[in-house]
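Fold and contact review
Next come the chains, spelled out residue by residue.
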Amino acid sequence: MKIKYIPLLLALLLMLTGCGQRVPEQTSQIFAMDTVMDFYAVGDGAEDVLVEAAQEINRLEALLSRTRQGSEVYILNETGSAALSQETAQLLRDALTYAEITGGAFDITVAPLVDAWDIHGDDPRVPDDAEIAGLLTLVGSGHLHLTDGSAALDAGCAIDLGGIAKGYASDVVARLYRERGIQGGWISLGGNVYAHGTKPDGSLWNVAIRDPNDPAATAAMVQLSNEFAVTSGGYQRYFTAADGTVYQHILDPKTGRPAESDLLSVTIVAKNGTLADAYSTALYVMGEAEAVSFQSAHRAEFDMVLITADSRILYTPGLAGRISCQEGGRYELCALS
Ligand code: AMP
Ligand code: MG
């Protein structure tokens, strides 16, 4: 089996233009949470803020990683129960809320299936129907029991925060930018972007949405300020089986298999990075029709850009005038009502 991994760094391209004057600025790059993370900050204290941002990301990884021995999530998965910090407990409560709101399309208890497929790992494989059926009995929010300061899992169950942890981390770093008075900048945690303030010339940040058919290219650009843009897509991680079938990493918790979505990618634009991360994963699972009706019911919470398998780029009204795509290119840009 051949594994293909498109570095999440390439998921979004941020373009900085129009710097008319010299202002203190700082960039940094780290590798954490299994992805490359880039930071850019403009303003007094930018250097210190980026040091702190890296420390915060490392602190969160030490709490939330499934693979880091001693993390709260590691202990919970390994032993079936764990004492939780307030922060982890709140994130798990949020994850359960998003599972409920999305009708289970987003579900952190999908972990046993993530392990069985091992699409992130060195030896991805296709579990047989009986194995999937058995593992599906371990999936569902009812298997995770949260009490004050601790969590417990039913036997054989586990959680995977891969669909939400980077979104939460982006919220934490965004708060740091705000509290430290950073004037402008951005962070890019793999496919999770936060655009802070404006460019030094006062204009909005341009965030590129990758072309799922050619991840080195851009499908659309959106202009953002003080917003998160989180993209999920099957093209970000996948493996190709010996028979040529491509299996991507976002699983449908109802079938136990990689979601067979009619969407190539989902970008959620919101003021809340955690929500944007959970919803981008969930709406990819839902597919176009359900994603559109879900967004209609939650339009105060977020905007979105859907790239469909039949080459349309759909965007919600809140992005009108802030989104563009190459004229005469592969995709047709279509406004949703
Ligand atoms: P994202 O890139 O944010 O869409 O998250 C995808 C990752 O979350 C996968 O690589 C898995 O680790 C995990 N995952 C897969 N399917 C789901 C799902 N339906 N709900 C929650 N997490 C998932
Ligand atoms: Mg996600």
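Just above sits the structure.
Residues numbered from 1 in each chain as written. Chains lettered and ligands numbered in written order. Predicted model: local features only at pLDDT ≥ 70, side-chain atom pairs only at ≥ 80, totals over all residues. Heavy atoms only, no water.

1. Some remarks on the packing of aromatic side chains
Put simply, the test is: What counts as a ring pair is set by centres within 6.5 Å for rings of Phe, Tyr and Trp (its six-membered ring), and what kind of pair is set by the plane angle: stacked under 30 degrees, edge-to-face over 60, tilted for all other angles. In this text, helices come from DSSP runs of H or I with a minimum length of four residues, and strands from runs of E with a minimum of two, each type numbered from the N-terminal end. When a residue's accessible area, from a 1.4 Å probe over protein chains only, is under 20% of the maximum for its type it is buried; when over 50% it is exposed; and in between it is partly exposed.
Considering all chains together, one arrives at nine aromatic pairs under this definition. Between Tyr 98 and Tyr 279 the ring centres are 5.5 Å apart and the planes differ by 80°, which places this aromatic pair in the edge-to-face class. In this pair, Tyr 98 sits in helix H3 (residues 86-101) while Tyr 279 sits in helix H7 (residues 273-286), placing the two residues 181 residues apart along the sequence. Where Tyr 279 meets Phe 294, the ring centres are 5.1 Å apart and the plane angle is 85°; that geometry is what we call edge-to-face. Of this pair, Tyr 279 sits in helix H7 while Phe 294 sits in helix H8 (residues 288-297), placing them 15 residues apart in sequence. We note that Tyr 279, like Phe 294, is buried.

2. Some words on the site of ligand 1
Heads up, the rule is: In these notes, residues near a molecule or strand are those with any non-hydrogen atom within 4 Å of it. Polar contacts here mean pairs of N or O atoms no more than 3.5 Å apart (in protein, one a potential hydrogen donor and the other a potential acceptor; neighbouring residues in sequence count only if both atoms are side-chain atoms). Only the protein chains shown count as cover for residues, with accessible areas throughout obtained via the Shrake-Rupley method and a probe of 1.4 Å. Note on residue categories: nonpolar means Ala, Val, Leu, Ile, Met, Phe, Trp, Tyr, Cys or Pro, charged means Asp, Glu, Lys or Arg, and polar means any other residue, Gly included. Domain start and end points were adopted from an automatic or database domain assignment.
Taken together, 15 residues lie near ligand 1, and His 120, Ser 232, His 249, Leu 251 and Thr 281 sit nearest. In the model, an oxygen atom of ligand 1 is placed 2.6 Å from a nitrogen or oxygen of the His 120 side chain. Contact between ligand 1 and His 249: an oxygen atom at 2.8 Å from a side-chain N or O atom of the residue. The protein chains hide 95% of the 500 Å² of surface that ligand 1 would expose on its own. Its residues placed into classes, the shell around ligand 1 shows six nonpolar, six polar and three charged. Counting the residues that make up the shell around ligand 1, at least three belong to each of domain 1 (67-153) and domain 2 (204-337).

3. Considering the layout of surface pockets
If a probe the size of a water molecule is rolled over the atoms, the empty space left behind becomes visible. Stated precisely, the cut-off is as follows: Of the grid points, spaced at 1 Å and generated over the protein atoms alone, those admitting a 1.4 Å probe that cannot get out make up cavities, while open sets with protein on both sides within 12 Å along at least five of seven lines make up pockets; any residue with an atom within 4 Å of a point is treated as lining. Grid points are joined across faces, edges and corners, and a volume is the space filled by probe spheres set on the points.
Volume-wise, the largest pocket comes out at about 970 Å³. Residue lining of the largest pocket: 39 residues in total, with His 120, Asp 160, Leu 161, Gly 162 and Gly 163 positioned closest to the centre. Elements represented by at least two residues in the lining of the largest pocket include exactly helix H1 (46-64), helix H4 (111-117), helix H6 (165-179), strand S12 (227-233) and H7. Looking at the lining of the largest pocket residue by residue, the classes come out as 15 nonpolar, 14 polar and ten charged. Residue lining of the second largest pocket: Pro 212, Asn 213, Gly 234, Tyr 235, Tyr 238, Val 246, Gln 248, Ala 259, Ser 261, Leu 263, Leu 264 and Tyr 284, and that is the complete set. Going through the elements one at a time, strand S14 (246-248) and strand S17 (263-270) are the ones with two or more residues in the lining of the second largest pocket.

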